[in-house]
Amino acid sequence: MSPFDDEWSWDNENPMKEVALARLRQLAAHEVGHTIGLAHNFAASTQNRASVMDYPHPKLFVQNDTINYESAYDTAIGVWDKQAIKYGYQLPSNDQSEEDLLKAIIVENCDMNLLYVTDADARPVAGAHSLAHLWDNGESVIDAFAKNLFGSEK
Ligand SMILES: [Zn+2]
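What you see is a predicted model; the values in this text were computed from it and never measured.

Chemist: I'm lost on the overall build of the protein in this one. Help?
Modeler: From N to C terminus, the protein includes 5 helices and 2 strands. The helix and strand sequence of the protein, counted from the amino end, reads α-β-β-α-α-α-α. Per-residue burial over the protein gives 23% buried out of 154 residues. Within the protein, residue pairs in contact and separated by at least 24 positions form 55% of the contacts whose partners lie at least 6 positions apart.

Here it is, written out as structure tokens:
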């Protein structure tokens, strides 16, 4: 992504600009999430970017001897984000209590196998939760490392 050639300009289409803008969009969504009450979910990166509330490492891979940046950052909010917003903001229907609505949303989350691991379980030195890594990708940090390093699944 070196910008040190004669063709480089912020005004031109270039991967560096696209990756920078994608990161800013993701960060803006993350900060809006905090503003409306969402906490970090560091397990989201193990579930196909289920939340903007994780700390995303850019997804990069080697393709034809070049680094591919096309999926560096997600461009949408995740399924976890939608469920968390439903939990916090959806109103019950006329024939439903708030308690029943919240229980139903939790059951949906369980049915979708959504995971939630926040700061208290991810940041302390003793918080060695296997899914709570920050700045990671994939179901397994080891597999993701191997994929990024070698450009394949293993
Ligand atoms: Zn945050």
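Chemist: Whenever I open this one, the packing of helix α2 (residues 79–89) against helix α3 (residues 98–111) confuses me. Can you help?
Modeler: For any two helices packed against each other, the geometry comes down to the angle between their axes and how far apart the axes lie. Where α2 contacts α3, the two axes come as close as 9 Å, and the packing angle between them is 170 degrees. Relative to α3, the element α2 is oriented roughly antiparallel. Between α2, through Gln 83, Lys 86 and Tyr 87, and α3, the contact on the second element is made entirely by Leu 102, Ile 105, Glu 108 and Asn 109. Class assignment for the residues of the contact of α2 with α3 results in 3 nonpolar, 2 polar and 2 charged.

Chemist: Would you explain helix α1 (residues 15–35) in this entry?
Modeler: Note: α-helices contain 3.6 residues per turn, so residues at a spacing of three or four share the same orientation. Between its terminal C-alpha atoms α1 stretches 30 Å, which fits the 30 Å expected from 21 residues at 1.5 Å a residue. For α1, the full list of buried residues reads Gln 26, His 30 and Gly 33. Here the buried residues of α1 occupy an arc of 55 degrees about the axis, which is enough to place them on one side. Residues of α1 that are exposed and angled more than 90 degrees away from the buried face: Leu 21, Leu 24, Ala 28, Glu 31 and Thr 35.

Chemist: Mind showing me how you'd approach unusual backbone geometry here?
Modeler: Note: most peptide bonds trans; most residues except glycine with negative phi. If you check the backbone angles, Arg 49 has positive phi at about 55 degrees while not being a glycine. Note that Arg 49 resides in the loop between α1 and β1 (61–63). Even without being glycine, Asn 113 reaches a positive phi, approximately 55 degrees. You can see Asn 113 is positioned in the loop between α3 and α4 (119–122). A count of 8 C-beta atoms within 10 Å places Asn 113 in the exposed class.

Rules of the game
- Residues numbered from 1 in each chain as written.
- Predicted model: local features only at pLDDT ≥ 70, side-chain atom pairs only at ≥ 80, totals over all residues.
- Helix = DSSP H or I, 4+ residues; strand = E, 2+ residues; numbered from the N terminus.
- Buried ≥ 20, exposed ≤ 12 C-beta atoms within 10 Å, placed from the backbone.
- Contact = placed C-beta atoms within 7 Å.
- Axes fitted to C-alpha atoms, helices over the stretch in contact; angles between N-to-C directions.
- Parallel < 35°, antiparallel > 145°, perpendicular 65-115°, else oblique.
- Nonpolar A, V, L, I, M, F, W, Y, C, P; charged D, E, K, R; others polar.
- Expected span 1.5 Å × (residues − 1).
- Arc of directions from axis to C-beta.

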